[in-house]
Every structure is written in C-alpha cells, then in structure tokens.
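Descriptive analysis of the structure
The primary structure of each chain is shown beneath.
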Amino acid sequence: MTEALTAFITGRRDELDTALRAALPVSSLPAARQLNDALDYALFPGGKRLRPVLALLAADLAGLPRTQGLTVACAVEFLHSSSLILDDLPAMDDADLRRNRRALHLVFGEGVAVLAAVALLNQSYALLAQAAHACGRPGAVTALVTEAARCVGADGMVGGQIIDLELRTGGTDMDALASRDLKTVALMRLMMTAGALACGAADADRDALAEFGECFGRAYQVCDDLLDEVCASELTGKSARQDARHRRATAVNALGPQDAHRLATHLVAYGTARLAARFGKRVEVRLLADAAQLVITRTKADSVQSNAHIPTAGAHTRAASTFES
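Let me begin by describing the structure that accompanies this report. (Residues numbered from 1 in each chain as written. Predicted model: local features only at pLDDT ≥ 70, side-chain atom pairs only at ≥ 80, totals over all residues. Heavy atoms only, no water.)

Looking now at the overall build of the protein chain. A count of helices and strands for the protein chain gives 17 helices and two strands. Of all 325 residues assigned to the protein chain, the portion counted as buried reaches 56%. Taking the contacts inside the protein chain whose residues are at least 6 apart along the sequence as the reference set, 75% of them involve residues at least 24 apart. Surface summary for the protein chain: the accessible area is close to 13,500 Å², and the carbon and sulfur share equals 55%. (Helix = DSSP H or I, 4+ residues; strand = E, 2+ residues; numbered from the N terminus. Buried < 20%, exposed > 50% of the residue type's maximum accessible area, 1.4 Å probe, protein only. Contact = heavy atoms within 4.5 Å. Areas by Shrake-Rupley, 256 points an atom, 1.4 Å probe, with all protein chains shown as cover.)

Structure, rendered in structure tokens:
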C-alpha cells in the first residue's frame, strides 16, 4: 500500500468509526440486548475500513459534501457487513472465521445473525436516503435508493449469491462466473456511484465511476479466489480454501491461476484508465488507482503458479492482511 493511501485511510479511521457508532441501528427495546451486542461485534473493530474510505474518495470526486460523504460511507460499510454475516451462515459458505474471529452466527446463533444482517441492510437504505435528501437535488433520493436496491437485489448481490450456490456443481462457464461475481461487483459499483447519485453529478462522472467500480469489483473477486486457494486463514482473516471445500467454480479453476491473475491485472488497468480519462490527475484518482493496484500486488506472481502453496511472509502477506474482508 502506498504511503499516500495509508495516510488517507489512517486519517479517516477515527472519523469513520465515530460516524459508524452514531449510525449503528441499535434497538431501544430492553430485551434486544443480544441484537445490539451482535451489531457491535459485526462492526467493531472492523478491519481497515477500506470500502467506506473508497466510498469517501468516490464521493469527493463527484462533489458530494463531506458530511454526506460520511453518511454514504457508513451505508456502504453496513451493507458490506450485512453481506459478510449472511455469507458465513451454514446455508451459504458455512464459514467459521471472519476477521480472525469466530463468525457472528457461531457467537450469537443463526437467528440473531440473520436479524443483525437485516438490521444493517435496512439502515443502509435509510442512510443513503438521508444523504441524498440533504443535498436537496430533485429525484436524488429515488435515484440512489433505486440503484441501491438494484445492486443488492435479484440482479445484483442476491442474484450473485444464488449463482454462487448453483455453481458448486462445478460448472465453469465464464458468463456464469461473471454473474456469480456480482456479489462483489454490485457492491463495488454502488460504493463508487452512491456519492454521485446523491448529489446529482453529471452522467459522465457517474458512468466513469461505475465502470471503475465494476472493474475493481471483478478484479477483487478474482484475486480473492486466488488468495483462498493459496493463503492460510491467519493471512486473510477468514476460513481458507472455501472454494475447494464447496467444489465452487471460480475464475481460478476455469482459467488457471496465471490467466486469472492476468484477467485481474487487465481489469484494474482498464478501470483505472477510464477513471483517469474522466477526472484527470486529481488526488482522489491516484488514491483509488493505488487501491486497485493493491488488489494485484496482494497476489504476487510467485503465488499464482499452478503448483503454488501457501506463500511465505513478505509483501504478499502484508497486502493480503490489508485487504481482509
């Protein structure tokens, strides 16, 4: 990770945590303490907060005021955390580790885990509407909430999860794999475009941010699949070799590790070029490009050979821990 990106993330961490704590959808009901404890467990300490930081950068590019940018960033983190809780459930990935801790459903039970995920998802919509309303742009609330529902719904994250379950039979059709990756791609797209939609940015700005987000998301998923193949749990913070355990089709077993890595590299290069062509040399573009490049550097060439084993500590190890989910 570059010094500039590290400094930006570090400089926003406390501000983000304060905003997340204030926006957390805690219940006022006396008997709902377990739900509140589960929400706190899901959000704090919360890794590097990379996704809300990237949402802030995209919002800055689009011209969204910082106060509303923080609100959007919180919505993104709540939505992401909701998806992680659901992904880890026995009916989904059946994972036991997340951020180097026991998965939430193992600590609080499956029922509480599902309700915590729904509470976070519900709050994310409220926060997005709040950010758009504060900008006072006609139609912004409808546009942003509609896009969020599309990204989360049957043709977005939910659809991607369904295809992920179906592909466990071992199919490797690339169109199906791209649909499966919607779990990650749809969130990245929303993360990049939410600020632009909230403040009514120009269509060309929104389109460039959307395309970067989609390229970033697809590359991230390919690299995440590579890491699942070669990294131990202590490096990624979550259960290792989940794809192999579920006999899940991925770009790695469809293309091979080297070609999968080349695909991710191409996607990052294209998405970054698209962003730079629209916004020029602004500092936010450079920081977003740094984050996208980190997706590639976390899967160094020596860890994507077809006979790769768990890599030794070094640059790859540091990058993997930086991008923990």
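We now examine the packing of helix α4 (residues 66-88) against helix α6 (residues 110-135). Packing of α4 against α6 brings their axes to within 8 Å, and their N-to-C directions diverge by 160°. Relative to α6, the element α4 is oriented roughly antiparallel. Crossing hand, α4 versus α6: left-handed. In the contact of α4 with α6, the residues fall into 17 nonpolar, seven polar and no charged. (Axes fitted to C-alpha atoms, helices over the stretch in contact; angles between N-to-C directions. Parallel < 35°, antiparallel > 145°, perpendicular 65-115°, else oblique. Left-handed = near helix turned anticlockwise from the far one by under 90°. Nonpolar A, V, L, I, M, F, W, Y, C, P; charged D, E, K, R; others polar.)

Below, the discussion takes up the pattern of salt bridges. Summed over all chains, the structure comprises 16 salt bridges. Residue R13 pairs with D17 through a salt bridge whose shortest N-O separation is 3.0 Å. One end of the pair, R13, and the other, D17, are both in helix α1 (residues 3-23), four residues apart, so they sit about a helical turn from each other. Judged by its relative accessible area of 22%, R13 falls in the partly exposed class. Two residues, R278 and D205, come together in a salt bridge whose shortest N-O distance is 2.6 Å. With R278 in helix α15 (residues 257-279) and D205 in helix α11 (residues 203-230), the pair connects residues that are 73 residues apart, well separated along the chain. You can call D205 buried: its relative accessible area is 14%. Within the structure, one salt-bridge network assembled from shared partners comprises R13, D17, R49, E77 and R99. (Salt bridge = Lys/Arg side-chain N within 4 Å of Asp/Glu carboxyl O.)

Our focus in this paragraph is helix α3 (residues 50-62). Since there are 3.6 residues in each turn of an α-helix, residues three or four apart along the chain are aligned in direction. A rise of 1.5 Å per residue sets the reference length of α3, with its 13 residues, at 18 Å; its end C-alpha atoms lie 19 Å apart and thus fit the reference within 8%. Of all 13 residues in α3, 13 are buried; the element is thus mostly enclosed. Just downstream of α3, G63 is the residue with a positive phi angle, here 95°. (Expected span 1.5 Å × (residues − 1).)

We now examine the environment of L263. Its place among the elements puts L263 in helix α15. Of the residues examined, L263 reaches a relative accessible area of 23% and is grouped as partly exposed. Measuring from C-alpha to C-alpha, the distance between L263 and C223 comes to 9.6 Å, with 40 residues separating the pair along the chain. If sequence neighbours within four positions are ignored, L263 has contacts with R218, V222 and L255.

Per the counting criterion, the structure on display carries two aromatic pairs. Taken together, a centroid distance of 5.6 Å and an interplanar angle of 75° make the contact between Y41 and F108 edge-to-face. One end of the pair, Y41, is in helix α2 (residues 33-43); the other, F108, is in helix α5 (residues 104-108), and 67 residues separate them in sequence. The class of Y41 is buried, set by a relative accessible area of 19%. Relative accessible area serves as the criterion here: at 16%, F108 is assigned to the buried category. Each ring, one from F212 and one from F216, has its centre 5.5 Å from the other, and the planes form 70°; the classification is edge-to-face. A residue pair is termed a helical-turn pair when its members lie 3 or 4 positions apart in one helix, as F212 and F216 do in helix α11 at four residues. For the pair shown, F212 and F216 are each scored as buried. The positively charged end of R12 is found above the aromatic ring belonging to F8, 4.3 Å away from the centroid. (Phe/Tyr/Trp six-rings, centres within 6.5 Å; stacked < 30°, edge-to-face > 60°. Lys NZ or Arg CZ within 6 Å of the ring centre and 35° of its normal.)

Given a rise of 1.5 Å per residue, 26 residues ought to cover 38 Å, and the 38 Å separating the end C-alpha atoms of α6 matches this to within 8%. If you check which residues of α6 are buried, you get V112, A113, A116, A117, A119, L120, Q123, S124, L127, L128, A131 and A132. Of the surrounding elements, those touching the buried residues of α6 are α1, α2, α4, α5, α7 (140-152) and α10 (182-199). Immediately beyond the C-terminal end of α6, within one or two residues, lies G136, with a positive phi of roughly 70°.

Two numbers describe how α15 lies on helix α16 (residues 283-297): the axes approach to 9 Å, and their chain directions differ by 175°. One finds that α15 runs roughly antiparallel with respect to α16. Of the residues in α16, those in contact with H261, A264, T265, V268, T272, L275, A276 and F279 of α15 are V285, L288, A289, A292, Q293 and I296.

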